[in-house]
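Architecture and fold: a report
Given next are the chains, with one letter for each unit.
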Amino acid sequence: MKTLLTAWRALAVLAIVVLALPAALAQEAPDALVKRVANEVQQIIKTDPKVQAGDQQRIRDVIETKLLPNFDFDRMTALAMGRNWRQATPEQQKQLIDQFRALLVRTYSGALSQYRDQVMDFKPLRGDPAATDVTVRSEVVRPGQVPVQIDYGMTKTASGWKASDVIVGGISLVTNYRDEFNEQIKSGGIDGLIKTLASKNQGLK
Amino acid sequence: MWQPSFSPALRRLLVLGSVVATLALSGCATTGGGRTDDPFEPVNRAMYAINDPIDKFVFKPIAQAYVDYVPSIIRTGINNYFNNIDDLFSAVNGLLQGKLDKAGNDMGRVMLNTFPGILGLIDVASDLGIPRGNEDFGQTFGYWGIPQGPYLFVPFFGPSTVRDGSGFVLRVLWSPTTEIRDVAVRNVIYGLGGLDIRAQALGTTSLISEASLDPYTFVRRAYLQRRQYLVYDGNPPPAKDDE
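Definitions and cut-offs
- Residues numbered from 1 in each chain as written.
- Chains lettered and ligands numbered in written order.
- Predicted model: local features only at pLDDT ≥ 70, side-chain atom pairs only at ≥ 80, totals over all residues.
- Heavy atoms only, no water.
- Phe/Tyr/Trp six-rings, centres within 6.5 Å; stacked < 30°, edge-to-face > 60°.
- Buried < 20%, exposed > 50% of the residue type's maximum accessible area, 1.4 Å probe, protein only.
- Helix = DSSP H or I, 4+ residues; strand = E, 2+ residues; numbered from the N terminus.
- Polar contact = N/O pair within 3.5 Å; in protein donor to acceptor, adjacent residues only side chain to side chain.
- Contact = heavy atoms within 4.5 Å.
- Core = buried A, V, L, I, M, F, W, Y, C linked by side-chain atoms within 4.5 Å.
- Pairing = 2+ DSSP bridges.
- Axes fitted to C-alpha atoms, helices over the stretch in contact; angles between N-to-C directions.
- Buried area = accessible area lost by both parts, 1.4 Å probe.
- Salt bridge = Lys/Arg side-chain N within 4 Å of Asp/Glu carboxyl O.
- Nonpolar A, V, L, I, M, F, W, Y, C, P; charged D, E, K, R; others polar.

**Concerning the packing of aromatic side chains**
When we look at a pair of aromatic rings, we describe it by the centre distance and by the angle of the planes. Residue and element names in this part refer to chain B. With the rule as written, the count across this model stands at 15 aromatic pairs over all chains. Plain terms: the ring middles of phenylalanine 141 and tryptophan 144 are 6.1 Å apart, the flat faces sit at 55° to each other, and that makes the pair tilted. Judged by its relative accessible area of 47%, tryptophan 144 is partly exposed. Each member of the aromatic cluster is reached from another via a ring pair, and the members are Tyr48, Tyr151, Phe153, Tyr216 and Tyr223.

**Some points on the side chain of threonine 161 of chain B**
Residues and elements named next belong to chain B. Mapping threonine 161 onto the fold places it in strand 2 (residues 158-161). In terms of polar contacts, threonine 161 uses its side chain to reach the backbone carbonyl oxygen of glutamine 148, at 3.4 Å. Residues within four places of threonine 161 in sequence aside, it is in contact with Gln148, Gly149, Pro150, Tyr151, Leu152, Tyr223 and Leu224.

**Some details on the nonpolar core**
Ranked by size, the top nonpolar core spans 58 residues in total, and within it Met81, Leu96, Phe100, Met154, Tyr177, Phe181 and Leu193 of chain A carry the most contacts. In contact with tyrosine 177 of chain A, other than residues within four places in its own chain, are Ala80, Phe100, Leu103, Leu104 and Tyr108 of chain A together with Ala211 and Phe218 of chain B.

**Brief notes about the pairing of strand 3 (residues 148-157) of chain A**
Residue and element names in this part refer to chain A. Counting buried positions along strand 3 gives 7 out of 10 residues, so the element sits mostly inside the fold. Inspection of the sheet shows strand 2 (residues 133-141) paired to strand 3 by 8 bridges, in the antiparallel sense. Across the sheet, the residue bridging to arginine 137 is aspartate 151, located in strand 3. In terms of strand pairing, strand 3 meets strand 4 (residues 160-168) through 8 bridges, oriented antiparallel. By the bridge assignment, methionine 154 is partnered in strand 4 with alanine 163. As consecutive antiparallel partners, strand 3 and strand 4 are separated by 2 residues.

**A short note on the sheet that holds strand 1 (residues 119-122) of chain A**
Residue and element names in this part refer to chain A. In space, the 5 strands of this open sheet follow the order 1-2-3-4-5, with antiparallel pairing throughout. A strand with exactly one partner marks an edge of an open sheet, and here the two such strands are strand 1 and strand 5 (171-172). Strand contacts of helix 2 (residues 30-47): strand 1, strand 2, strand 3 and strand 4, with the helix running at about 170° to strand 1, the strand carrying the most contacts.

**Digging into the environment of methionine 111 of chain B**
As for its position among the elements, methionine 111 of chain B is in helix 4 (residues 100-114). Sequence separation between methionine 111 of chain B and valine 219 of chain B is 108 residues; the distance between their C-alpha atoms is 35 Å.

**Examining the interface of chain A and chain B**
One widely used convention gives an interface's size as the accessible area the parts lose upon coming together. Taken together, the contact pairs 32 residues of chain A with 29 residues of chain B. It is Asn176, Asp179 and Glu180 of chain A that lose the most area in chain A upon contact with chain B, and together they represent 21% of the buried surface on that side. In this structure, the connection of chain A to chain B is made through 2 salt bridges. For glutamate 183 of chain A, the salt bridge is made with arginine 45 of chain B, and the minimal N-O distance between the two is 3.0 Å. Ranked by residues supplied to the side of chain A that touches chain B, first place goes to helix 7 (residues 173-204) of chain A with 15 residues. Within the side of chain A that touches chain B, the residues separate by chemical class into 10 nonpolar, 13 polar and 9 charged.

**Structural notes on the pattern of salt bridges**
This structure, assessed with the given rule, holds 27 salt bridges over all chains. In this structure, the salt-bridge partner of glutamate 40 of chain A is arginine 36 of chain A, at a minimum N-O distance of 3.2 Å. Placement of both glutamate 40 of chain A and arginine 36 of chain A in helix 2 is noted, with a separation of 4 residues, approximately one turn of the helix. Since its relative accessible area comes to 35%, arginine 36 of chain A is described here as partly exposed. A salt bridge links aspartate 164 of chain B to arginine 227 of chain B; the nearest nitrogen and oxygen atoms lie 3.0 Å apart. Here aspartate 164 of chain B, found in helix 7 (residues 162-173), pairs with arginine 227 of chain B, found in helix 10 (residues 215-231); they are 63 residues apart in sequence, far enough to count as distant. Here aspartate 164 of chain B falls in the buried class, since its relative accessible area comes to 8%.

Structure representation (structure tokens):
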């Protein structure tokens, strides 16, 4: 009887391990995720001949397939909207997410090539491992210059960890846009903000 | 024109006194709470509007030509020269904040770069892996608990605050460059300093025009975030969410 109980217990433990394993694999730790993606993208920039030749289509392709799946633009937009987010209708929210995403992708894809030869140094994750919002810290080292700290605000979602803010040298993207969004909403309402974002995106094309 | 006949030491003391008075006033002006980052916004925006076309049509093209036509070895030397002076002030400010390891690094950097590095033109210290402390008077005032005061946009100088602007005044008046007796040489060095700063910022300003909805607001928030971050040596307390 006692051996049977031990066997059951062993089986139960095994079952838990087997069930939990895929979940653990899917939930790649946030710092490991950022490090892996950053290294992968840097490797592509260094070795892909089309990217090196400045092929815009290829660069956009790399961003769409490698970088963007790791961003949570819904959350990023909501954070940048602050308390205005709840005032927006679902339709407005959708438009805001689309336009904000387009603006960020277009403006920051130009900066991608600058990462080519930079040395990225990732710091160990601090804080509560059970938290759903963590900050992954990294540093870009440039010879003769003060290193630039790049932090990623990571949020836990159903499909793994996603970036919801990028903080470059202490300047949070979300915080910066919160002021801008607030100001646009004050003068033209949420629709005014959507219009400004849309015309900004049109002009950049 | 009336020429002040104070000795340099007395002049510096007077400047220090007025800076202290300004900071004391800035402290009083910002105790109201709420959104008081930029109480002079209308004036600042006017200054921004004056600065923008001058920068676009004069300073930016000159800086771009400098980057395009002057060999990088010369530009690096010029940048190193000004960085060396920054390091000297960083050492002083590290001491004023009791950050002895930073101050020690900066002092070592200045020694190495001034003598073997020929007046700062060659950054010997970075090759040896000695990090830059990157401290300044504005950060020291912040570390001492003096509030940042109203945001200021100064034509030709860009974003600042009363606290940082006061620090900048001290920085300029106490700079070794002021000891150069030959006015022409001194002015050339000031000119090169401005050129160097503008050239360093070329990438940043093009990003601002692409990324921002209203460049004025974008620059203001980015500047204030950056300064807050520097005052806290990279670990600022979390910002109050207005959600």
